[in-house]
Amino acid sequence: MARIAPLHIDWKPDRTADRPVTGQIVDFMCERIASGAWPIGARLPSQRALSEAFGVNRSTVIAAIEELADYGIVEGRHGAGTRIISNTWLLMLSGAPDWADYVSSGFFKANNDTIQAINRYEFDPTKTRLGTGELDPRLFPRRMWRRVAHEAAEEIDALGYPPPEGLDVLREAIAVHMRDWGVECRPEQVLISSGALQGLQMISVSLLSSGSTVVAEAPSYIKSLQVFQSAGMKLAGVPMDGQGIDVGALGEVLGWSGVSGRAVSSSLGSSGVAGPAIVSGAAASAVSVRASSQVGRTGVSGRSASGGAVLYTIPTNHNPTGITMSAQRRRMLIDACVAGRLPIIEDCAYQDLVFDGDVPPSLKTFDDTGMVITVGSASKALAPGLRIGWIVADERIVHRLADVKMQMDYGAGTLNQWVFARFLTSGMYAEYLETLRGELRRRRDAALETLDRLFAGRAHWNTPGGGFYIWLTFDEPVRMGRLFQRALERGVLLNPGDIYDFESDNALRLSYAYTTPEEFARAAAVVAALV
């Protein structure tokens, strides 16, 4: 093993500054660790040596080290001194913005007009929802729900406030369920949220600093939300191909040296041929260049080594493209993010809805450094109205997010948590998923046949292996705003692709999950006639 060089200190706190000396020392050490100058595994100098280097008394050094230990950044070992053990998410806790600052500012930004129209017309029963992100209510497992409701009436004596982290029974059940995704975690690493979206909101206001950059696939579900922008973050897009996010382009966007598209392509080898690009050619270059201009070739200001940037990704049954990231690409992405010290928010809302092949391992499976925060949800597979999601992360991050959640809603609904826990522990959820996956496969196959009949030679699309969505791109330019309005007039509600993308993409997100094959065919015929 290579020997780690002694840590170099050529800095002293400013005793005239408003910031307390202890806080200055913590900030300095965080910056050194985040930048990679002080690597994981390095041992800190002795407390005596640190006090001499900083020009402070030993008690001040002890207070700073204890604060870093509370964040999980350093760890003291008997007889071996104090070593650095983390440089990603835990490092952000110390500089996390105060939630109260955001509450007083009224920071939620308005959705654009198209998204507001979609949100409004999704409740209009006269419209066929051809692109909606919701499961057909007719697939609701009523028999199972009646059983669970009866058990709830027999067993629940009261509905008091739940613990902020969530009911123990549900946290334990989710920890077991995560094994199906390849993740070994303890219940203490699970936080229950009121839907996955709330999980993203809590992360944005408690772990990310205003002005930092959230990097995502282009296109991406997160582009249709204002959750990160409302908290003062910027968004940057990275092109995709048939295996998922382009790791080489990610490196170019963040200004990483040694990570390039050529290196990624060569590393795929003969067994890892990428599928057709979702954003390719000039469009991919435009996305990459524009994202680079937002982020900057040397990174954005902030505490992480990637300049305050984080990656948001949906690796399984991606929304909106339907792509599932290959196992090789997942490993490559994790390796690149570890090397670049880029934390990851992994959205696994569709992880349970793979119907072609095995369920791929979560990115969290490959996470040995606390790099990944995984977000899950019961909304897509079971019931969006249940409003149950979860976060899997380091226990200290769970405690931080639980404190924020108490300020939001005093915990997810007790009855809702109990219901989902019973679905998981009774085996009903697994039984239901088996039936649901078969029905989604049937609907997907029928939708693909419809598209072949109506759009062959006029558009191209992918074949998803799970989830809800087909990403259709027209071969000739289409005025998407006009198509959206004309289709709406004829009773068809569309989801134009540009609400998910960083530029106009001439595409539609189509969903086979909400409509029967016959309903899908009729609505698609309306769109074909308009085009």
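Criteria and thresholds
- Residues numbered from 1 in each chain as written.
- Predicted model: local features only at pLDDT ≥ 70, side-chain atom pairs only at ≥ 80, totals over all residues.
- Heavy atoms only, no water.
- Helix = DSSP H or I, 4+ residues; strand = E, 2+ residues; numbered from the N terminus.
- Buried < 20%, exposed > 50% of the residue type's maximum accessible area, 1.4 Å probe, protein only.
- Areas by Shrake-Rupley, 256 points an atom, 1.4 Å probe, with all protein chains shown as cover.
- Contact = heavy atoms within 4.5 Å.
- Pairing = 2+ DSSP bridges.
- Salt bridge = Lys/Arg side-chain N within 4 Å of Asp/Glu carboxyl O.
- Axes fitted to C-alpha atoms, helices over the stretch in contact; angles between N-to-C directions.
- Parallel < 35°, antiparallel > 145°, perpendicular 65-115°, else oblique.
- Nonpolar A, V, L, I, M, F, W, Y, C, P; charged D, E, K, R; others polar.
- pLDDT = per-residue confidence, 0-100.

Trainee: When you look at the overall build of the chain in this model, what are you seeing that I'm missing?
Mentor: What the chain contains, in helices and strands, is 19 helices and 15 strands. Out of the 531 residues in the chain, the part that is buried amounts to 55%. Surface exposure of the chain reaches about 22,300 Å², of which carbon and sulfur atoms provide 50%.

Trainee: What is the right way to look at the environment of Val-190 in this model?
Mentor: Take Val-190: it is sitting in strand 4 (residues 190-193). Sequence spacing of Val-190 and Glu-395 is 205 residues, and the spatial spacing of their C-alpha atoms is 7.8 Å. If near-sequence neighbours (up to four positions away) are discounted, Val-190 is found in contact with Glu-165, Arg-171, Ile-174, Ala-175, Cys-185, Trp-390, Ile-391, Val-392 and Val-398.

Trainee: Can you walk me through the pairing of strand 5 (residues 213-218) in this structure?
Mentor: Successive side chains on a regular strand alternate, one facing one side of the sheet and the next facing the other. Within strand 5, 6 of the 6 residues are buried, which leaves it mostly tucked inside the rest of the structure. In this structure, strand 5 lies alongside strand 8 (residues 310-313), joined through 3 bridges in parallel fashion. Residue Val-214 lies in a different strand from strand 8, and its bridge partner there is Val-310.

Trainee: In this structure, what is going on with the pattern of salt bridges? I would like to understand it.
Mentor: Here the idea is simple: oppositely charged side chains can pair when their charged atoms come close. Applying the stated criterion across every chain, the model contains 28 salt bridges. With its nearest N and O atoms 2.9 Å apart, the salt bridge here joins Asp-136 to Arg-138. Linking Lys-405 and Asp-409 is a salt bridge whose minimum nitrogen-to-oxygen distance equals 2.8 Å. On the accessibility criterion, Lys-405 (0% relative accessible area) is buried. One network of salt bridges, in which partners are shared, links Asp-136, Arg-138, Glu-439, Arg-442, Arg-443 and Glu-519.

Trainee: Quick question: what am I supposed to make of the packing of helix 9 (residues 196-206) against helix 15 (residues 395-408) here?
Mentor: Contact geometry of helix 9 with helix 15 gives a least axis separation of 10 Å together with a crossing angle of 110°. Taken together, the axes of helix 9 and helix 15 lie roughly perpendicular to each other. For the pair helix 9 and helix 15, the contacting residues are Gln-198, Gln-201, Met-202, Ile-203, Val-205 and Ser-206 in the first and Arg-400, Leu-401, Val-404, Lys-405 and Met-408 in the second. Tallied by class, residues from the contact of helix 9 with helix 15 come to 6 nonpolar, 3 polar and 2 charged.

Trainee: Hey, could you run me through the confidence of the model for the chain in this one?
Mentor: Any segment with low pLDDT has predicted coordinates that should not be analysed in fine detail. For the chain, the mean per-residue pLDDT works out to 86, and 85% of the residues sit at or above 70. Overall, residues 96-105 carries pLDDT values under 50, and its contacts beyond four positions in sequence, including any with other chains, amount to 18 contacts. Confidence drops under a pLDDT of 50 for residues 260-305, and excluding neighbours within four residues, the segment shows 97 contacts in the predicted structure.

Trainee: I tried to follow the pairing of strand 10 (residues 372-377) on my own but got confused; where do I start?
Mentor: Within strand 10, 6 of the 6 residues are buried, which leaves the element mostly enclosed by the surrounding structure. Along strand 10, one buried face is formed by Val-372, Thr-374 and Gly-376 and the opposite face, lined by Ile-373, Val-375 and Ser-377, is buried too. Across 4 bridges, strand 9 (residues 344-347) lies against strand 10 in parallel orientation. From the neighbouring strand, Ile-345 faces strand 10, where its bridge partner is Ile-373. When strand 10 meets strand 11 (residues 389-392), the two strands line up antiparallel, connected through 4 bridges. Pairing of Val-375 across the sheet is with Ile-391, part of strand 11.

Trainee: When you look at helix 9 in this model, what are you seeing that I'm missing?
Mentor: Residues three or four positions apart in an α-helix share a direction because the helix packs 3.6 residues into each turn. Of all the 11 residues making up helix 9, 9 are buried; the element is thus mostly covered by neighbouring parts of the structure. Considered for burial, the residues of helix 9 that qualify are Ala-196, Gln-198, Gly-199, Leu-200, Met-202, Ile-203, Ser-204, Val-205 and Ser-206.

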